[in-house]
Amino acid sequence: MGGSQTYPYGSTAAVRDHVLAALGVLKVATADQVRRLMCPGHKDNKAVRNAALDLARHGLTVSEGNTRDGQKLWGLTLLGLDAAAEVLGRPTGEMGGAARGAARSGAPHAMAVNETVIAITRTAPQPARSVRPAAPPAPPAAPVPAVPAGVGTAASWWTEVAHNLPTAARTRVGVRADAVLHAPEAGLPVLLVEVDRGTESDDVLAAKFEKYRRFFRLKGKDHRGHGVPLWRSLYPSTGREGHPPLLVVFDPGTRLGEQALKNRMDRVMDLAREHWSGSYKSMGSHNQAPDGYYDAIPLLFTILERLQTHGPHAGVWWRCGHGQGEALPDALANPQDIEAWHQRDEHRRRPTNKKDSRRRPQRRGVSGPPPSPHPRRCPRRFRVRAADSRSACPTFPSRLPRTAGTAPHAAWTWPSNPRGLIKAFLQRRP
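Quick caveat, the model's predicted, so the values are computed rather than measured.

(A) Looking closely at the pattern of salt bridges. What the rule picks out here adds up to 13 salt bridges. Among the ionic pairs, Glu115 bridges to Arg36, the shortest N-O distance being 2.7 Å. Of this pair, Glu115 sits in helix 5 (residues 108–121) while Arg36 sits in helix 2 (residues 31–38), and the two are 79 residues apart along the sequence. By relative accessible area, Glu115 is classed as buried at 17%.

What follows is the structure, encoded as structure tokens:
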């Protein structure tokens, strides 16, 4: 096998770290899933299988069953969890359990969660080393279509994350997220992922959203004694109004057809309407309709097959209340939140007519429109009635001509009526 006495299957340290990191995140996976998540540049999964076998000789990995299509499933032992925590750079307490016994039944739900993680991450293949070609290079072939980019890395994921609710009994009734994605480098908030295979009823799936909202409503206190949401002790702030987003990935497989899947998504959306629509609060000005998503859960639906085909940056996300497929950043945006309210308020404060738009640049010191070549019309405040005036309205030029031997006010034309003269002195020049 070309290996050493310590690692008889000939695996490398890099591939062994890939196996430990992938199994530390996914808990149970096949060799092909580990390859596609960690090292898609490998031609096949032989290197991953050899690494898993070498780790098994040291008591770090174990295989307890196969998938329904016959692929061997790998998991970690308790010692393997400690080794994976060191590779991932996480505390041992955040690694969760070893998921022992899950592989004996084929782990169909875990396989769907793994495929969801792989479809969202989409690790770019990296060549292991440069190889000098033995023959002259062949002519360039047809361009291969680019693989859609993904979000985050394997270290950005956590699976089987429990969110417990305090109760009077010894047991805690909570909800367990299938996966959690934290990739701030992608400009996204923390994302909670639920994978639905159609094995539960619509009511059971919608009831999970109520448990999520109960958990998000829990309050704690910071170091200053101010009340803050308790979920911020686990995850950073989303930077958006409302609770953390929840992604529901439907994996119908062969159980549901296209129309049956659409009906299921519609029923779940109707049952969870009070959770994703949220409650509104008043902004306190302009007597506008109240805006806000402060108690809403952004609920996004997608289908695993579309996610695998087009990637997470395509318009494959259907947010409840938006009514169309959108890209992930657009689906996460709230069109009626406080930021949108401030934008509308700024728009309301802008000048509403051409007269105000001409005056505002002049007040700010910006050059306005060029002056008209025609003489300016007399302002209304300088006008006098025809019965009291015997001459034309006074004219105030922009610049007064001053030459040698000429008085400063020689260019002014004064009205013959004293009342008009008094008004001209008392009123402000235009």
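(B) Spatial organisation of unusual backbone geometry. Its identity is not glycine, yet Lys27 carries a phi of approximately 75°, on the positive side. Structurally, Lys27 is set in the loop between helix 1 (13–26) and strand 1 (28–30). A positive phi angle is found at Arg122, which is not glycine, with a value near 55°. Secondary-structure assignment places Arg122 in the loop between helix 5 and strand 4 (157–163).

(C) Inspection of the sheet that holds strand 12 (residues 325–326) at higher detail. If you trace the seven strands from one edge of the open sheet to the other, you get 4-5-6-9-10-11-12, paired in mixed fashion. Both outer strands of the open sheet, strand 4 and strand 12, are each paired with one neighbouring strand and no more. As judged from the five bridges shared by strand 6 (residues 191–196) and strand 9 (residues 246–250), these two strands associate in the parallel manner. Residue Glu194 lies in a different strand from strand 9, and its bridge partner there is Val248. Helix-sheet contacts for helix 5 involve strand 4, strand 5 (175–181), strand 6, strand 9 and strand 11 (317–319), and the interaxial angle to strand 6 is about 135°.

(D) How the structure looks around the sheet that holds strand 3 (residues 72–76). Taken in spatial order, the three strands line up as 1-3-2 in an open sheet, and their pairing is antiparallel. Whereas interior strands pair on both sides, the edge strands pair on one side only; in this sheet they are strand 1 and strand 2 (61–66). Strand after strand, the sheet turns through a mean of 35° between neighbouring axes, direction not considered. Across three bridges, the pairing between strand 1 and strand 3 is antiparallel. Following the sheet pairing, Thr30 is matched in strand 3 by Leu73.

(E) Looking closely at the packing of helix 1 against helix 3 (residues 46–57). Where helix 1 contacts helix 3, the two axes come as close as 9 Å, and the packing angle between them is 80°. If you check the angle between helix 1 and helix 3, you find them roughly perpendicular. Across the interface between the two elements, Val15, Arg16, Val19 and Leu20 from helix 1 touch Ala47, Val48, Ala51 and Leu55 from helix 3. Looking at the contact of helix 1 with helix 3 residue by residue, the classes come out as seven nonpolar, no polar and one charged.

(F) Structural view of the side chain of Arg122. This buried residue, Arg122, is left without a salt bridge; Glu115 holds the nearest opposite charge, at 9.6 Å. At 2.3 Å, the side chain of Arg122 forms a polar contact with the backbone oxygen of Gln308.

(G) Molecular detail of helix 7 (residues 258–271). Here helix 7 spans 20 Å end to end across 14 residues, near enough to the 20 Å set by a 1.5 Å rise per residue. Here helix 7 has its buried residues at Leu261, Arg264, Met265, Val268 and Met269. Buried residues of helix 7 fall within an arc of 130° about the axis and therefore sit on the same side. If you follow the buried residues of helix 7, they end up packed against strand 6, helix 6 (202–217), strand 9, helix 8 (273–277) and strand 10 (299–303).

Thresholds, definitions, all that
- Every residue gets a number counted from 1 within its own chain, in the order that chain's sequence is written.
- At least 70 in pLDDT is required for a residue's local features to be given in this predicted model, at least 80 for side-chain atom pairs to be given and counted, and no such filter applies to totals for whole chains, interfaces and linings, which use all residues.
- Each side-chain value is worked out from all heavy atoms of the structure, with water and hydrogens disregarded.
- Salt bridge, as used here, is a side-chain nitrogen of Lys or Arg placed within 4 Å of a carboxyl oxygen of Asp or Glu.
- Helix and strand definitions here come from DSSP, where helices need a minimum of 4 consecutive H or I residues and strands a minimum of 2 consecutive E residues; each element is numbered from the N-terminal end.
- A 1.4 Å probe rolled over the protein chains alone gives each residue an accessible area, and that area as a share of the maximum for its type sets the label: buried under 20%, exposed over 50%, partly exposed in between.
- Criterion used throughout: strands pair if DSSP finds at least two bridges between them.
- Throughout, a residue-residue contact means that at least one pair of heavy atoms, one from each residue, lies within 4.5 Å.
- Comment: axis = line fitted to C-alpha atoms, over the contacting stretch for helices; angle = value between 0 and 180 degrees taken between N-to-C directions.
- Just so you know how the angles are binned, under 35 degrees is roughly parallel, over 145 roughly antiparallel, 65 to 115 roughly perpendicular, and the rest oblique.
- Gly counts as polar in this scheme, as do all residues outside two lists: the nonpolar Ala, Val, Leu, Ile, Met, Phe, Trp, Tyr, Cys and Pro, and the charged Asp, Glu, Lys and Arg.
- We treat Lys and Arg as the positive residues and Asp and Glu as the negative residues; His and chain ends play no part in the count.
- Here a polar contact is taken to be a pair of N or O atoms separated by no more than 3.5 Å, where protein atoms must pair a possible hydrogen donor with a possible acceptor and residues adjacent in sequence count only if both atoms sit in side chains.
- By definition here, a helix of n residues has an expected span of 1.5 Å times n minus one.
- The arc in question is the one spanned by the directions pointing from the helix axis to the C-beta atoms.

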